[in-house]
Amino acid sequence: GQQVMQIPQYQHVQEGEDFTTYCNSSTTLSNIQWYKQRPGGHPVFLIQLVKSGEVKKQKRLTFQFGEAKKNSSLHITATQTTDVGTYFCAGFLGNQFYFGTGTSLTVIP
Amino acid sequence: NAGVTQTPKFRVLKTGQSMTLLCAQDMNHEYMYWYRQDPGMGLRLIHYSVGEGTTAKGEVPDGYNVSRLKKQNFLLGLESAAPSQTSVYFCASRRDSPLYNEQFFGPGTRLTVL
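Here's a quick rundown of the structure. The residue numbers shown here count from 1 along each chain, following its written sequence. The lettering of chains begins at A and the numbering of ligands begins at 1, in the order of writing. With the structure being a predicted model, the display of local features is reserved for residues of pLDDT at least 70 and the display and counting of side-chain atom pairs for 80 or more, all residues being used for whole-chain, interface and lining totals. Side-chain measures were taken over the full set of non-hydrogen atoms in the model, leaving aside hydrogen atoms and water.

Okay, the side chain of Gln-6 of chain B next. Residues and elements named next belong to chain B. Helix and strand definitions here come from DSSP, where helices need a minimum of 4 consecutive H or I residues and strands a minimum of 2 consecutive E residues; each element is numbered from the N-terminal end. Along the chain, Gln-6 falls in strand β1 (residues 4–7). Among the polar contacts listed, one links the side chain of Gln-6 to the backbone nitrogen of Cys-91, at a separation of 3.0 Å. Within the local environment of Gln-6, its side chain forms a polar contact with the backbone nitrogen of Gly-108, the two atoms lying 3.0 Å apart. Every residue in contact with Gln-6, bar those within four places of it in the chain, is listed here: Leu-22, Trp-34, Tyr-89, Phe-90, Cys-91, Gly-106, Pro-107, Gly-108 and Thr-109. N or O atoms closer than or at 3.5 Å make up a polar contact, with two conditions inside protein: a donor-capable atom paired with an acceptor-capable one, and, for residues adjacent in sequence, both atoms drawn from side chains. Should any heavy atoms of two residues lie within 4.5 Å, those residues are counted as being in contact.

The following block contains the structure:
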């Protein structure tokens, strides 16, 4: 079946360091979305990428969608303590979303 | 605008008991989803609905049933709960749009089956 793999599972960084999480799908996706979940909270939508090779930026966050629409990455520049949480990618195919396993980010002040 | 709400927030069941989780959205969204979240496994789709009166199976549908009698409500039922169904359950909804199909999640229901 459809699978979306996400690495790493955990990442600890010093405040101010950069952070990257990667998603890979076994099949070509219609689009990919990224969500953030704070501890004890629910997933909150960050962004959607639709086009092959698309790059979008939100302040310190940069999102990329691969040329084959099978992989994606989220890069955070100069992490802050407010970036703490788990980041999920979600590949969209048909009417369903296939979530990656998430990357839990800890930022050490 | 409450967005997506879920009831109850917490529940403890004994093996074999049944219960229904309610999800309600006030955004007039066509699509609704039920996920379960387990440590290290991300969110897995249980069932979903593309509109009032419709339901479809997701990745992990066994042991669950759903109904969408009203557009704003999506119910998830457990007929005979098992310890393997201990999890956090999230409901989500989205518009029927190819460009703007972000999911809005409810706050979740934490279910423990003893």
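Past the structure itself, the notes keep going.
Right, let's get into unusual backbone geometry. Apart from glycine, the bulk of residues carry a negative phi angle, and the bulk of peptide bonds sit in the trans form. The amide bond that connects Ile-7 of chain A to the next residue, Pro-8 of chain A, takes the cis arrangement and shows omega of -5°. You can see Pro-8 of chain A is positioned in the loop between β1 (4–7) and β2 (10–14). Of note, the bond from Thr-7 of chain B into Pro-8 of chain B is cis; its omega dihedral lies within 30 degrees of zero at -5°. Structurally, the position occupied by Pro-8 of chain B is in the loop between β1 and β2 (10–13). Even without being a glycine, Lys-69 of chain A presents a positive backbone phi close to 55°. For Lys-69 of chain A, the location among the structural elements is in the loop between β7 (61–65) and β8 (71–76). The backbone phi angle of Asn-28 of chain B is positive, close to 60°, even though this residue is not glycine. Mapping Asn-28 of chain B onto the fold places it in the loop between β3 (19–25) and β4 (31–37).

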